[in-house]
Amino acid sequence: MVSKTEEEQVNRLESQVENGGGDAWDYLGLVRKLKLRRFDKVLQFGLSILNDPKQRSALGPQEWTLYEEVAIAAMDCQCLDVALESIKVLQKKFPGSKRVGRLEAMLLEAKGSWAEAETAYSSLLQDNPLDQIIHKRRAAMAKAQGNISLAIEYINKYLEIFMADTDAWRELAEIYVSLQMYKQAAFCYEELILSQPTVPLYHLTYADVLYTLGGLENLQTAKKYYASTIDLTGGKNSRALFGICLCTSAIGQLTKGRNKEEKENSELHSLSALALEKGYKQRNPSKHSLLTATLKCLKL
Amino acid sequence: MGGDSKYEIHQNAYIKLVLHALKHKTSAVNGVLLGRLSGDETVEIVDSVPLFHSQIGLLPPLEIALIMIEEYFNDKGLSIVGYFHANERFDDFELSNIAKNIGDHISKYFPVAALLLLDNKKLEALPKGKDRSPVMQLYTKDASRSWKLVESDGSYRLTIKEPSANVVLVDHISSEKWKDITDFDDHLDDISKDWLNSELFN
């Protein structure tokens, strides 16, 4: 995950390079480090370096990294001829390389030659069954073709081997949510919370999924996870504060005064509402009255 | 029923929705349409609010957004009259269940609600052609209460108020105006951000 300061840093550098000020190589390094998907800029800035022999040779062995990055970015932009050119350079430098073979397979995929790409990936996997990137490409390819159930199957198989890959768990969770398979999504978030208990995002999204599922028990659990999100973020997460208000209001409606934890419920509700009021007053006063009206709808 | 209603969307409402989809090219996005009935058969879509670009299948952010949006536009005499959806994949022209469910919810309160799905093929062809019709497909609820695509030969049922809207849209696309769009997701992440996008066209 990318923090706000990191994102601002990238954006600043991006516009500097755009205006001829900043260093394109620094920018590319940052994009690489933060694993961002800014393919149009990577292609544009990367090519400007590669097309200038002086800048290119200054990179030393990093030149080949850049060729690989430009090839992938070009595929993302559907500039397939640029991708092909870069791959050809790499083929010449590293004949028989599996890593270059992967790029060739990806180019087939980018062309939409699904069957050929599938064959290429399968043969690469035979040589190295633990190549994570190729496993992921196959799942992504299934998704690109609209075959979501196959994508789910691939990711599940992948997770049997690489259980600790949180990105893959997240991807699976998000697919389940998009199919409205909330129980399955909840399971994924439970796994994520178990493996990284201090990441607030997982607590928050788990609570969101439980609230979406509904029912008293789920609402009560959702409330607890919104509360832990608030705890982990020092009270700064407005999604979680809204979540508490939604939960307490829905629990109140379901139990209609028969709730044993009524006092705790209403206390938590007014505390969250108060925190939201304070936040809007400070940071967005023009929408403060709108917030008050919204909270009125969620009254206990 | 939305059987014979016509829909007229204002340029700014239209452009906001398309730019929102372009800002988040790699994910599904959605938005709501604000407007009113004008005359017997026409729904006027005056404004729009871009909603989400991540995990649009989750209920809590949607509930908060709908309450806030309704509260805001009620005072202006506008209500939620429809829903906009753009699929994750370029060549996906199916109306997802999430879109249908949200549409169902909106049509409980506004029976002739429109459901708009971004037409990527038309959007792609826009800079080359002179098409003045919206780059969206219109779905309405038929007598059996299910969402039906209004056939393309009946495309006159969804029109843009300003005839030059697509020209303006292409202009905004080439000047990368989509970077400035703020949706409700952005607002929930940082409440100082304005989901009304009131500065966008200034």
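Just so we're clear, the structure is a prediction, and the values are computed from it rather than from any experiment.

Colleague: An account of the overall build of chain B is needed here, citing residue identities and associated values.
Modeller: Helix and strand counts for chain B come out as six helices and eight strands. When the helices and strands of chain B are read in sequence order from the N terminus, they spell out β-α-β-β-α-β-α-β-α-β-β-β-α-α. The C-alpha atoms of chain B give a radius of gyration of 16 Å, which matches the 17 Å a tight globule of 202 residues would have. Projected onto the principal axes, the alpha-carbon positions of chain B cover approximately 40 × 40 × 30 Å. When the 202 residues of chain B are sorted by exposure, 55% land in the buried category. A separation threshold of at least 6 residues defines the contact pool for chain B, and within that pool the share at least 24 residues apart is 70%.

Colleague: Describe in detail the side chain of Asp47(B), supporting the description with residues and values.
Modeller: Residue and element names in this part refer to chain B. By secondary structure assignment, the location of Asp47 is in strand 3 (residues 42-50). At 2.7 Å, the side chain of Asp47 and the side chain of Lys16 are in polar contact. Excluding residues that lie within four positions of it along the chain, Asp47 makes contacts with Ala13, Lys16, Val32, Leu33, Leu34 and Phe73.

Colleague: How would you summarise the interface of chain A and chain B if you had to cite specific residues and measurements?
Modeller: At the interface, 35 residues of chain A touch 31 residues of chain B. Between chain A and chain B the total buried area reaches about 2,900 Å² when both faces are included, carbon and sulfur atoms providing 59% of it. Broken down residue by residue, the surface that chain A buries against chain B is led by Arg239(A), Lys287(A) and Leu290(A), which jointly contribute 21%. Counting across the interface, chain A meets chain B through 15 residue pairs in polar contact (both at pLDDT 80 or more). At the level of secondary structure, the elements contributing two or more residues to the side of chain A that touches chain B comprise helix 1 (4-18), helix 9 (132-144), helix 11 (166-178), helix 12 (182-195), helix 13 (200-213), helix 15 (238-255), helix 16 (262-283) and helix 17 (288-297) of chain A. A per-class count over the side of chain A that touches chain B returns 15 nonpolar, 10 polar and 10 charged.

Colleague: Requested: an account of the packing of aromatic side chains, with residues and values cited.
Modeller: Taken as a whole and judged by the stated rule, the model has 10 aromatic pairs over all chains. Ring centres of Tyr27(A) and Phe45(A) lie 5.2 Å apart, and the angle between their planes is 75 degrees; on these two criteria the pair is classed as edge-to-face. With Tyr27(A) in helix 2 (residues 24-34) and Phe45(A) in helix 3 (residues 39-50), this residue pair connects regions lying 18 residues apart in the sequence. Taken individually, Tyr27(A) and Phe45(A) each receive the classification buried, so the pair is uniform in this respect. Above the plane of the ring of Trp25(A) lies Arg32(A), whose end atom (NZ or CZ) is 5.0 Å from the centre. When the ring centre of Trp195(B) is taken as origin, the NZ or CZ atom of Lys287(A), which lies over that ring, is 5.1 Å away.

Colleague: Could you give an account of the domain arrangement of chain A, with specific residues and numbers?
Modeller: The domain architecture assigned to chain A consists of domain 1 (1-94) and domain 2 (195-295). For domain 1 of chain A versus domain 2 of chain A, the distance between C-alpha centres works out to 42 Å.

Colleague: Give me the sheet that holds strand 2 (residues 29-38) of chain B: which residues, what numbers.
Modeller: All names here are of chain B. Strand order across the open sheet formed by eight strands is 7-6-5-4-2-3-1-8, with mixed pairing between neighbours. Edge positions in the open sheet fall to strand 7 (147-149) and strand 8 (158-160), since each of these has one partner strand only. Across the sheet, the mean angle separating the axes of adjacent strands is 30 degrees when strand polarity is ignored. Note: strand 2 against strand 4 (residues 79-86), seven bridges, orientation antiparallel.

Colleague: Give a description of empty space enclosed by the protein that names residues and reports values.
Modeller: In this structure the tally under the stated criterion is one cavity of 30 Å³ or more. By volume, the largest cavity is sized at about 60 Å³. Taken together, Asp208(A), Tyr226(A), Arg239(A), Phe242(A), Gly243(A), Leu246(A), Pro60(B), Pro61(B), Ile64(B) and Leu188(B) form the lining of the largest cavity. Secondary structure elements with two or more residues in the lining of the largest cavity: helix 15 of chain A together with helix 2 (59-74) of chain B. Taken together, the residues of the lining of the largest cavity sort by class into seven nonpolar, one polar and two charged.

Colleague: Outline the UniProt feature "domain: MPN" (unreviewed entry) in chain B, listing residues and values.
Modeller: Within the UniProt annotation, "domain: MPN" (unreviewed entry) is assigned to residues 7-140 of chain B. Within residues 7-140 of chain B, the helical portion is 36% and the strand portion 30%, while the C-alpha atoms at the span's ends are 10 Å from each other.

Colleague: Explain the UniProt feature "domain: EMC2 TPR-like" (unreviewed entry) in chain A residue by residue, including any values.
Modeller: The UniProt entry lists residues 100-209 of chain A under the feature "domain: EMC2 TPR-like" (unreviewed entry), expressed in the numbering used here. Each end of residues 100-209 of chain A is marked by a C-alpha atom, and these two atoms are 41 Å apart; helix forms 82% of the span and strand 0%.

Quick notes on the rules
Residues numbered from 1 in each chain as written. Chains lettered and ligands numbered in written order. Predicted model: local features only at pLDDT ≥ 70, side-chain atom pairs only at ≥ 80, totals over all residues. Heavy atoms only, no water. Helix = DSSP H or I, 4+ residues; strand = E, 2+ residues; numbered from the N terminus. Rg over C-alpha atoms; globule rule 2.2 N^0.38 Å. Buried < 20%, exposed > 50% of the residue type's maximum accessible area, 1.4 Å probe, protein only. Contact = heavy atoms within 4.5 Å. Polar contact = N/O pair within 3.5 Å; in protein donor to acceptor, adjacent residues only side chain to side chain. Buried area = accessible area lost by both parts, 1.4 Å probe. Nonpolar A, V, L, I, M, F, W, Y, C, P; charged D, E, K, R; others polar. Phe/Tyr/Trp six-rings, centres within 6.5 Å; stacked < 30°, edge-to-face > 60°. Lys NZ or Arg CZ within 6 Å of the ring centre and 35° of its normal. Domains from an automatic or database assignment. Pairing = 2+ DSSP bridges. Axes fitted to C-alpha atoms, helices over the stretch in contact; angles between N-to-C directions. 1 Å grid on protein atoms, 1.4 Å probe; cavity = no way out; pocket = protein on both sides within 12 Å on 5 of 7 lines; lining within 4 Å. Points joined across faces, edges and corners; volume = space filled by probe spheres on them. UniProt positions renumbered as here; feature names shortened; annotations may be inferred.

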